[in-house]
Amino acid sequence: MDPSSGIQEPFDLIRLSLSERVFVKLRGDRELTGILHAYDGHMNLILSDVEETIMIVEQVEGAPEGQSTVNIAKRKMNMLFVRGDGVILVSPPSRT
Amino acid sequence: MKHLVGQAKLVCTKVDLLSLYDIHGLSSGKDFDFSTTALPEDVRPQIHREEPTRAGIPSQELEPQQQRPGASFHSLESIWDDKSPFSVLPRTNGSHRAAEQRPSASHAFSPFTGQTQDSHAGAGQTTSQPLHLGGVHSQGVRTLEEIEAEMRQAFAAQRNQNISPSQPAQARVSQGRGTPQLQQRYAPQPEAPTPPPRMHPHAQSPRFHQYQQQEQIQLLEQQRQRQIAEIRAQERRQQQQLQLLELQEQLRVEEYERERDRERQRHIRATQQAQQLQQAQQLQQTQYIQQRQPSGRLTPSVAELQQRRYGHQSPANVQAQPDAPFQQSMQYLPRDIQMQQRLLAEMAQAEFLTSMQGSASPALYNTSNEVEEDREQQETLRAEAMRKIMEAERMEEKRRRKLEKIRYMSRYNDLMTQSDKDFITRIQVSQLVTQDPYTDDFYAQVYGAVMRSRMGVSVPDPVLKFGSVGGVGLGVSQVKGGRRPSAMQRMEAQVERIVNNARLREKEKTSLNSLQGALGKTAGRSYKAAPRQLLQVDANGATASPTLSHAAAHSHISKADAKTEGTRADAAAEAAKMGRQALGGTATGPARREPLTQRETLVKLEMLYDLVLELEQQRRDQPPDEEVEATAAWEKHFEETVEEIWDALQVMVPLDTSDPHPFISLITPIKGKRLLPRVTRHFSSEQSLTLLTLLVACFSQLDVVVNSYLLDILTDSQERRDVEMQTQAFLGSVMQSILPIGATASLRLVSGMLGVFLERNEIEVIARTRPGIALLTLFLSRVEVINQSMANATDPSELPAPEDLEQWQLMFEHFFELITPHLPYLFPSVRQAINSGGIPVTEIPDMDTIDQPVWQFLATLSLNSSLEQQQVLVTSLRDRVLDNVASASKAWSISDEETRKTRLSNVNIFLHALGLDSSQIAM
């Protein structure tokens, strides 16, 4: 696949994304996009220029079938340290 | 035994129970020595006689217990009766015994304390002999009674000291005080017959014994001084008390005498009116002077004045005299007593004065004014005296507080020995010491180096120790380094000391059976039976784990080996391809291929970063210039790495290999742009030139050019921000690395590059981008510099050849023609205005800052232009110029002064190049 593959393990893929914008999915229905600066074996991440999206799932009282709406809360941060055990996935940002 | 122990508890207040037991253990296993009991009757009366002499509670406690035994004292069995152990006292006086035996007994406790005891004794006490408070007893056994008697005696001795201070008593006291001290020191230790291993003499550092001896000497000195000070203090107190008594007596005498003298003085007063007036004036003057004197002088001077005023009468005289010696001793006395005495004296004086006034007033009405004056003066005097007292008290308070603070801060002094402190320091320092500071904290080191190079140029020493913390700290913070350098220096000094100690110890330890040049421990056991193999620990740990690279994702460098393989393979493939092309002829043309995928670019970039980090590490490990061989090898290695980087950048790949060119693909991610300056500083000028040419040729493939249209839209979005960031990075990094080459290029080169630029790219698109403008400005300004140097040059060889000049002229004209139609659209503000649909140009936000590069470009353009060309320029740009000038001059349109100035200066940049000025334009 890669002609001169320096990639040997999954962490190398993350390594490729250093200084690039990445999309991170976290536990607790949260997502981040930010520029990845550092990572380590625990998947702790250091991101900058981060935007966090929190999805709040709420039960609507009216409909008895259990319909729920999803509200979204966003917030921005300059620098962020993410603890590794909350990280589900790291990927390049979705390209259109 | 239990009942005895219980009784012992009642009596002994200070002696530990454990120590009791241990002492019993020492006394040859017997609890009590009943072998040589004297008749108890003889003993008891003696005890009774002895006890009262030592006043104190212990004796009182003894009495009731001793009275209990009664008649049944004769038999040995009586010991087991319910009696105090003291009733069985087989000897007369235990104190001496105890004192004598104390050193020998304590010797068994620990050699450490024994040492001090020896030196204690050896250094010369006031009385080297043990106390002779009674007869010497021949008993070889120390019993409970002995200790207790000793303790009590020490108490009593202390008390004696307070009551009757006399020299022999003091000597006794100092001895007695010495023993309780020793007791207190020994009491906690007895359960350890051997000292803790740490405290063994041979376990201490070689300097420890020296410290010990010094400490002991100091200790003795201090004790001696303390004794002397105590004696002096006592003497002073005595004097003080005597003086107090004396003073009080004198005051009384004086008052009595005053009463008698009043009659006499009334007559004298009448005659001395004139004199007094004068003296009053003098008094006032001296008062003013006195105000500036310290308060202590007031009393004698006031006394002197009184002396003067009221004649030379004895009471005043007498009063003056005690004041003088009083004052001298004032410095020595404790301050509060001093204060009291001063107050007393002054009050006495005040009384004296009032009594004088009181006696004078009824008799002398015609001197009522004087009396009032006197009263006033006395009032002021008194007030001043009070003020001075208050001031002195306040100073006193401050001093006391300060002393208290110092005492509080130093209450834990001298808890650790020097060896303890060294021990701890060694541990702390060993944490800091690193063989390779770069492995421990790479980023801190690099950051420190960058800071240092930016601020002062300091010595980039490869500090073996303290490489991590010390060097960085010192380099960065210079301002608040008032105290920090000294802490660092102190630590360094400590480390030095520790290292020296360790070295000395090593030297002392190394004997014949230790091997030289061995790393690790060698002299652990004797080598007679079978020599243990040596441990050779390799200091360079990097080679120990060569193939674990895939497990160490965090270390870029560890994977460099694997990566370089890949790079070389890649380069080899490329070379092969190029070779095939060359061989295959031009028919096939350069092998066309797909542009690098995102994945591929990122992979290659990471490889490049590995190489660059390796390169920089090599630079840090550069061997000194003296070692020729090492330097040569290092240089070779360095060159190889640079070559690898060059190949990895794919600059030599033919231009049309792909769109975008691989090099351009590599430059596209922002980390590629940031990588470039770090790489180009190691390239030769040819390599840099090649790079520049490639860049120029493929300029339009750059992402900053392709996406620049986004910048012309005012609405904010993530992409726009990204493009903005990329452009910034490009201008900051790539252009920075290009500048040195561009600034020194010859005219031929410049015209050649301009040609390539125009040929392969669409100038109108390029010129609308900031990078494009920047590049063009670079070229044009270079040419301008060449032209100017042409005018100043003396050396004909420097001048560009005529054909070069011609070439340039052609090129320039071509360029000019191409650019002229688009001149107004070069301005970002114009483009933004157009895109936003209707906002006038002058109201585009930040218009001046974004337009400034364009104005500069236009200036350089006009400098190179002929007159006609300049005319053309002016015509096309007239609107812009007028707009700017108009908006700048009208007061209501622009809010602050800054903007106006910038706008005008922008226009002037261009106009000055033409030889015009904005002021010439009439509005």
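Nothing here was measured: the structure is a model prediction, and the numbers come from that model.

For chain A, the count of helices and strands is one helix and five strands. Secondary structure of chain A in N-to-C order comes out as α-β-β-β-β-β. Of the roughly 5900 Å² of accessible surface on chain A, 54% is carried by carbon and sulfur atoms.

So, on to the nonpolar core. All names here are of chain B. Phe663, Phe815, Phe857, Leu858 and Leu861 are the most contacted members of the largest nonpolar core, which totals 84 residues. Looking at this core element by element, the count peaks at eight residues for helix H30 (residues 770-792). Among all residues touching phenylalanine 815, those that are not within four sequence positions of it are Leu754, Leu758, Ile763, Leu776, Leu780, Phe857 and Leu861.

Once that is clear, we can look at the packing of aromatic side chains. Per the stated rule, a full pass over the model turns up 12 aromatic pairs over all chains. Judged by centre distance (5.9 Å) and plane angle (20°), the ring pair of phenylalanine 11 of chain A and tyrosine 39 of chain A falls under stacked. Within this pair, whereas phenylalanine 11 of chain A is found in helix H1 (residues 10-16), its partner tyrosine 39 of chain A is found in strand S2 (residues 30-39), the two being separated by 28 residues in sequence. According to the relative accessible area criterion, tyrosine 39 of chain A is buried, its value standing at 11%. Relative to phenylalanine 638 of chain B, the ring of tryptophan 634 of chain B has its centre 4.9 Å away and its plane inclined at 25°; by these criteria the two rings are stacked. Highlighted residues: tryptophan 634 of chain B and phenylalanine 638 of chain B, both in helix H22 (residues 628-649), separated by four residues, approximately one helical turn. Each member of the pair, tryptophan 634 of chain B as well as phenylalanine 638 of chain B, is classed as buried. These aromatic residues form a ring-pair network of at least three members: Trp808, Phe812, Phe815, Phe816 and Phe857 of chain B. Here arginine 411 of chain B stacks its cationic end above the ring of tyrosine 408 of chain B, 4.0 Å away from the centre of that ring. A cation over a ring is seen here: arginine 880 of chain B above phenylalanine 827 of chain B, with NZ or CZ 6.0 Å from the ring centre.

Here the focus is the packing of helix H27 (residues 718-743) of chain B against H30 of chain B. When two helices pack together, their arrangement is captured by the angle between the axes and the distance separating the axes. Residues and elements named next belong to chain B. Orientation of H27 relative to H30, taken along the N-to-C sense of each, is 15°, at an axis distance of 10 Å. Of the possible angle classes, the one that applies to H27 and H30 is roughly parallel. In terms of crossing hand, the pair formed by H27 and H30 is right-handed. Across the interface between the two elements, Glu724, Thr727, Gln728, Phe730, Leu731, Met735, Ile738, Leu739, Gly742 and Ala743 from H27 touch Arg770, Pro771, Ala774, Leu775, Leu778 and Arg782 from H30.

It is worth spelling out the packing of H30 of chain B against helix H31 (residues 802-819) of chain B at this point. Residues and elements named next belong to chain B. Where H30 meets H31, the closest approach of the two axes is 13 Å, and the angle between their N-to-C directions is 145°. As H30 runs across H31, the sense of the crossing is left-handed. Packed against H30, whose contacting residues are Leu776, Leu780, Val783 and Met790, the element H31 presents Leu805, Trp808, Phe812 and Phe815 at the interface. Considering only residue class, the contact of H30 with H31 consists of eight nonpolar, no polar and no charged.

Time to look at a nonpolar patch on the surface. Residue and element names in this part refer to chain B. Among the surface-exposed residues, Tyr412, Leu415, Met416, Phe423, Ile424 and Ile427 lie close enough to one another that they form a single nonpolar patch of about 620 Å² accessible area. Topologically, tyrosine 412 is positioned in the loop between helix H14 (368-409) and helix H15 (418-432). What makes tyrosine 412 exposed here is its relative accessible area of 55%.

Counted by the stated rule, this structure contains 25 salt bridges over all chains. A salt bridge links aspartate 716 of chain B to arginine 721 of chain B; the nearest nitrogen and oxygen atoms lie 3.5 Å apart. Judged by relative accessible area, which is 55%, aspartate 716 of chain B ranks as exposed. We classify arginine 721 of chain B as partly exposed; its relative accessible area is 35%. Connected through shared salt-bridge partners, Arg15 of chain A together with Glu606, Asp610 and Lys671 of chain B make up one network.

Moving on: the side chain of serine 17 of chain A. With respect to the helices and strands, serine 17 of chain A occurs in the loop between H1 and strand S1 (21-26). Of the residues examined, serine 17 of chain A reaches a relative accessible area of 11% and is grouped as buried. Excluding residues that lie within four positions of it along the chain, serine 17 of chain A makes contacts with Val22 and Leu36 of chain A together with Lys671 of chain B.

Right, let's talk about the sheet that holds strand S4 (residues 68-82) of chain A for a bit. Residue and element names in this part refer to chain A. The strand order across the open sheet built from five strands is S4-S3-S2-S1-S5, with neighbouring strands paired in antiparallel fashion. One side of each edge strand has no neighbouring strand; the edge strands of this open sheet are S4 and strand S5 (87-91). Within the sheet, the average angular offset between the axes of one strand and its neighbour, ignoring direction, is 25°. Judged from the six bridges that link them, S1 and S2 form a sheet pairing that is antiparallel. Bridge pairing links leucine 26 to arginine 30 in S2.

Before going further, it helps to spend a moment on a negative patch on the surface. A surface patch of negative charge is lined by Asp625, Glu626, Glu627, Glu635, Glu639, Glu643 and Asp647 of chain B. Note on placement: glutamate 643 of chain B falls in helix H22.

Residues and elements named next belong to chain B. Across chain B, the average pLDDT comes to 70, with 56% of residues at 70 or higher. Across residues 4-15, where pLDDT falls below 50, the model places 27 contacts with residues more than four positions away in sequence or in other chains. Predicted confidence is poor over residues 311-330, with pLDDT under 50, and the contacts of this stretch with residues over four places away or in other chains come to 35 contacts. Across the whole predicted complex the pTM is 0.51, and at the interface the ipTM reaches 0.89.

Omega for the peptide link from aspartate 659 of chain B to proline 660 of chain B comes to 5°, which places this bond in the cis form. Among the secondary structure elements, proline 660 of chain B is positioned in the loop between H22 and helix H23 (662-667). We note that serine 19 of chain A has phi near 65°; this positive angle belongs to a residue other than glycine. Structurally, the position occupied by serine 19 of chain A is in the loop between H1 and S1. Accessibility expressed as a relative area gives 22% for serine 19 of chain A, which makes it partly exposed.

Here is what the cut-offs are and how they apply
- Residues numbered from 1 in each chain as written.
- Chains lettered and ligands numbered in written order.
- Predicted model: local features only at pLDDT ≥ 70, side-chain atom pairs only at ≥ 80, totals over all residues.
- Heavy atoms only, no water.
- Helix = DSSP H or I, 4+ residues; strand = E, 2+ residues; numbered from the N terminus.
- Areas by Shrake-Rupley, 256 points an atom, 1.4 Å probe, with all protein chains shown as cover.
- Core = buried A, V, L, I, M, F, W, Y, C linked by side-chain atoms within 4.5 Å.
- Buried < 20%, exposed > 50% of the residue type's maximum accessible area, 1.4 Å probe, protein only.
- Contact = heavy atoms within 4.5 Å.
- Phe/Tyr/Trp six-rings, centres within 6.5 Å; stacked < 30°, edge-to-face > 60°.
- Lys NZ or Arg CZ within 6 Å of the ring centre and 35° of its normal.
- Axes fitted to C-alpha atoms, helices over the stretch in contact; angles between N-to-C directions.
- Parallel < 35°, antiparallel > 145°, perpendicular 65-115°, else oblique.
- Left-handed = near helix turned anticlockwise from the far one by under 90°.
- Nonpolar A, V, L, I, M, F, W, Y, C, P; charged D, E, K, R; others polar.
- Patch = residues over 30% accessible without salt bridge, like charges linked within 9 Å, V, L, I, M, F, W, Y side chains within 5 Å.
- Salt bridge = Lys/Arg side-chain N within 4 Å of Asp/Glu carboxyl O.
- Pairing = 2+ DSSP bridges.
- Lys, Arg positive; Asp, Glu negative; His and termini not counted.
- Charge placed at Lys NZ, Arg CZ, Asp CG, Glu CD.
- pLDDT = per-residue confidence, 0-100.

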